[in-house]
Amino acid sequence: SAVISQKPSRDICQRGTSLTIQCQVDSQVTMMFWYRQQPGQSLTLIATANQGSEATYESGFVIDKFPISRPNLTFSTLTVSNMSPEDSSIYLCSVKGQGRQETQYFGPGTRLLVL
Amino acid sequence: GESVGLHLPTLSVQEGDNSIINCAYSNSASDYFIWYKQESGKGPQFIIDIRSNMDKRQGQRVTVLLNKTVKHLSLQIAATQPGDSAVYFCAEKVWGGSYIPTFGRGTSLIVHP
């Protein structure tokens, strides 16, 4: 399995500001995913980030609100823009297992509180 | 016992008991299933998986059972320990299909010493 790290691990932000979350993987991976997990809830996919192409967003998520970068095969960022208290959540980076592995592996998450 | 809280169903057990966490999946085409454990303040960790050509798979202290007829999955934890306290998610997908699994609602397991 891949080792995934995220920065920051947590943050408290003011409404109207933006926060960029970084995800670093210890191996090259083709596909990276960003999830949101609201308190006490399951995981909701925000977007899939492939290196060299624009991210693919799920229904209900747009690029203007959640811009994503994927500059290389080991790194991605997710920005939460113009934040409101409703954006308070855990944001998780995930990668698919190597080769024919179908399992996804997750980072530790970034805990965001918007005041 | 098992109860449904405001958000997640909760299962409370005594240390040393066996725990059974259940999951009903929705897509009859799903043929690959994964259980994740999410401890407080951490991301989900892979526990065990099973493909639909099996109805049982065992790991270390954990067993996953799959009943395709009723689209039901369960995770059994033997001799539950306080360190097993976490939220457990099941996920389903079609092997070789979309890379994105569908995650279940999650069950909170509380182990009392």
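Coordinates for the structure precede this section.
Owing to the predicted nature of the structure, the values given are computational and were not obtained by experimental measurement.

Thresholds applied
Residues numbered from 1 in each chain as written. Chains lettered and ligands numbered in written order. Predicted model: local features only at pLDDT ≥ 70, side-chain atom pairs only at ≥ 80, totals over all residues. Heavy atoms only, no water. Pairing = 2+ DSSP bridges. Helix = DSSP H or I, 4+ residues; strand = E, 2+ residues; numbered from the N terminus. Axes fitted to C-alpha atoms, helices over the stretch in contact; angles between N-to-C directions. Salt bridge = Lys/Arg side-chain N within 4 Å of Asp/Glu carboxyl O. Buried < 20%, exposed > 50% of the residue type's maximum accessible area, 1.4 Å probe, protein only.

**Student:** When you look at the sheet that holds strand β3 (residues 19–25) of chain A in this model, what are you seeing that I'm missing?
**Tutor:** In sheet architecture, strand pairing relies on hydrogen bonds along the backbone and comes in two forms, parallel and antiparallel. All names here are of chain A. The sheet built from four strands is open, its strands ordered β1-β3-β8-β7 with antiparallel pairing. The sheet is open, and its two edges are formed by β1 (4–7) and β7 (68–72), each paired on a single side. The average angle at which neighbouring strand axes cross in this sheet is 15°, direction not considered. Where β1 and β3 come together, four bridges link them in antiparallel fashion. Each bridged residue has a counterpart across the sheet, and for K7 the counterpart in β3 is Q22.

**Student:** Is there a simple way to explain the pattern of salt bridges in this structure?
**Tutor:** For side chains of opposite charge, pairing can occur when their charged atoms come near one another. Scanning all chains against the criterion turns up four salt bridges over all chains. With a shortest N-O distance of 2.6 Å, K65 of chain A and D87 of chain A are connected by a salt bridge. One end of the pair, K65 of chain A, is in the loop between β6 (56–57) and β7; the other, D87 of chain A, is in the loop between β8 (75–80) and β9 (89–96), and 22 residues separate them in sequence. Salt-bridge contacts for D84 of chain B lead to R61 of chain B; the nearest nitrogen and oxygen are separated by 2.9 Å. Taken as a pair, D84 of chain B in the loop between β8 (72–77) and β9 (86–93) and R61 of chain B in the loop between β6 (56–58) and β7 (62–67) lie far apart in primary sequence, 23 residues in all. Since its relative accessible area comes to 7%, D84 of chain B is described here as buried.

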